[in-house]
Every structure is written in structure tokens, then in C-alpha cells.
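# Chains, contacts and geometry: an overview
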Amino acid sequence: MAKESILIVDDEENILELLEYNLTRNGYVVTAVSTGEAAVESARRQRPDLIVLDLMLPGIDGIDVCKMLKNDPKTQQIPIVMLTARGEEADVVTGLELGADDYVTKPFSPRVLLARIKAVLRRKLEAEQPSSGEMLKAGEVQINPGRHEVLVAGQPVELTHTEFQILWFLARRPGWVFTRYQIVDGAQGDGTAVTDRSVDVHIVSLRRKLGSFGQYIETVRGVGYRFKDLA
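What comes next concerns the included structure. (Residues numbered from 1 in each chain as written. Predicted model: local features only at pLDDT ≥ 70, side-chain atom pairs only at ≥ 80, totals over all residues. Heavy atoms only, no water.)

### Here we look at the overall build of the protein
When helices and strands are counted, the protein shows 8 helices and 12 strands. For the protein, the residues scored as buried account for 46% of the 231 residues in total. Partitioning the intrachain contacts of the protein with sequence separation of at least 6 by distance along the chain shows that 59% fall at a separation of at least 24. Carbon and sulfur atoms provide 49% of the accessible area of the protein, an area that totals close to 12000 Å². (Helix = DSSP H or I, 4+ residues; strand = E, 2+ residues; numbered from the N terminus. Buried < 20%, exposed > 50% of the residue type's maximum accessible area, 1.4 Å probe, protein only. Contact = heavy atoms within 4.5 Å. Areas by Shrake-Rupley, 256 points an atom, 1.4 Å probe, with all protein chains shown as cover.)

Have a look at this one:
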């Protein structure tokens, strides 16, 4: 079976070589470029299965590359894993809000990056599968959107509409990191009153009601929240 294609973008030659070696060794088809302009051109021409994108690039930086690709119908569905320096917290938030799927900080372990890439590609494949309409089960938490019902270890848990919407939004994409603004957008619905400032309050309430399983909702410092990937 053919492996997925990956576009890697970084202006540091040693990092490009490291990434290309490790990804090729694991069977991926790799294209490597060193500028934002080349990244946009390559992504539009070849449409890779995933892009590993450094944020600090000469010319068009990684944030602008992400914005351009996510605004283009031809490339907006391509998953993006960002490479960032530890001091680029604001850029991480911006990138995730633009639609990037994950991020890895430099210096990084090639094994960790490879695991993140595999996870993102797996989620992409799962997201492309038609929905069965059945309830979602994550560990001991079961969520039935049709009945607006949540069971924890087999016991029903009463959630407000907003709490349910936030839990459903996070749990559908385990392992994905979402900013507060993304959670607001994703949890909007009839009767839902949620703002970025109130997300933390709703998360605290959700964790309390889920009891010991509230740990499934993880805080990603400086970014937002994610539902633990239990796979």
C-alpha cells in the first residue's frame, strides 16, 4: 500500500535533512522546500496528504502560509503540523485558529514528531469516513447527540446545553488542540450562550460533573483544551 505524501517546510537545512531522512525511512513520500513561497506553490501543485510547516520562514512566514492554504479551497483540507520555537506561543494560537491541526516545539524529537504526524493522518482518515450516527464512546464516557445524553461509567450525567455542546465538540476530535475561540465557534447552536471568556468556567463545570473522568479534558497551557486521545 502506498504511503502518504508529506511536504516539509523549513529554512534550516539540517532540520530539512533530518525530517526528510526520518520520514522517508518510515515510508512516506517527502517533498522538502525552504521558503513560504515554495511551500504554497508545492502544496497547490501536488496537494500532499500533510504539511510540516516551520513558522519562522524568510519572506512569507509560516502563519501567512497557513492562512493562504486554509483560504484556498484546493488546499484547505490538507492537515498542517506546525514547528515552532518555544517563545512563539501567540503564533501557535494564531496557527490553530487558522486551522492548523497540531504543533511541535523546537528542539523536537523525530520520534515525537512522527507520532504526531501519524495521529493527525489517522484522524484525517477517520474524519473522512461516513458517520454511522451512533453514540460516541471514549473510555468510560458515552455521548449520544441524538438523545442529548451523556453516560459516565454507565451512569447518566446531567449537563447544560452549553456543556454538552463543548464536550461533544472536543470528544469528536480526540487529541486535537482547540483554542477558546475555536471552542466557541464549534459549540455554537440553538440556545447556546458561550463566549471565549466563559469557556474556562464551562470546562471546570464539565470536569466536576464527569468526576474522575474529567481528566479526559486536558488543558494545553497557553493554547486551550483537548479531549484526551484514548486510542
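### Looking at the packing of helix H6 (residues 161–171) against helix H8 (residues 199–210)
Relative to each other, H6 and H8 sit at 85 degrees, their axes nearing to 10 Å. Here H6 is positioned roughly perpendicular relative to H8, judged by the angle of their axes. Of H8, the residues touching H6 (which contributes Thr-162, Glu-163, Ile-166, Leu-167 and Leu-170) are His-202, Ile-203, Ser-205, Leu-206, Lys-209 and Leu-210. (Axes fitted to C-alpha atoms, helices over the stretch in contact; angles between N-to-C directions. Parallel < 35°, antiparallel > 145°, perpendicular 65-115°, else oblique.)

### Section: the environment of Thr-31
Counting through the fold element by element, Thr-31 comes out in strand S2 (residues 29–33). Separated by 11 residues in the primary sequence, Thr-31 and Glu-20 place their C-alpha atoms 7.9 Å from one another. In this structure Thr-31 touches Ile-6, Leu-7, Ile-8, Ser-42 and Gln-46, once residues within four positions along its chain are discounted. Side chain to side chain, Thr-31 and Gln-46 meet in a polar contact 3.2 Å long. (Polar contact = N/O pair within 3.5 Å; in protein donor to acceptor, adjacent residues only side chain to side chain.)

### Some remarks on the environment of Val-40
Relative to the elements of secondary structure, Val-40 occurs in helix H2 (residues 36–46). Placed 25 residues apart in sequence, Val-40 and Val-65 show a C-alpha to C-alpha distance of 6.5 Å.

### Brief notes about helix H4 (residues 89–98)
An α-helical turn contains 3.6 residues, so any two residues separated by three or four positions project in the same direction. Val-92, Val-93, Gly-95 and Leu-96 are the residues of H4 that are buried. Axial view of H4: buried residues confined to an arc of 165 degrees, hence all on one face. In this fold, the buried residues of H4 make contact with helix H3 (62–70), strand S4 (80–85), strand S5 (102–106), strand S10 (178–179) and helix H7 (180–186). Directly after H4, the chain includes Gly-99, whose backbone phi takes a positive value near 125 degrees. (Arc of directions from axis to C-beta.)

Remember that the coordinates give geometry; whether it matters functionally is a separate question.
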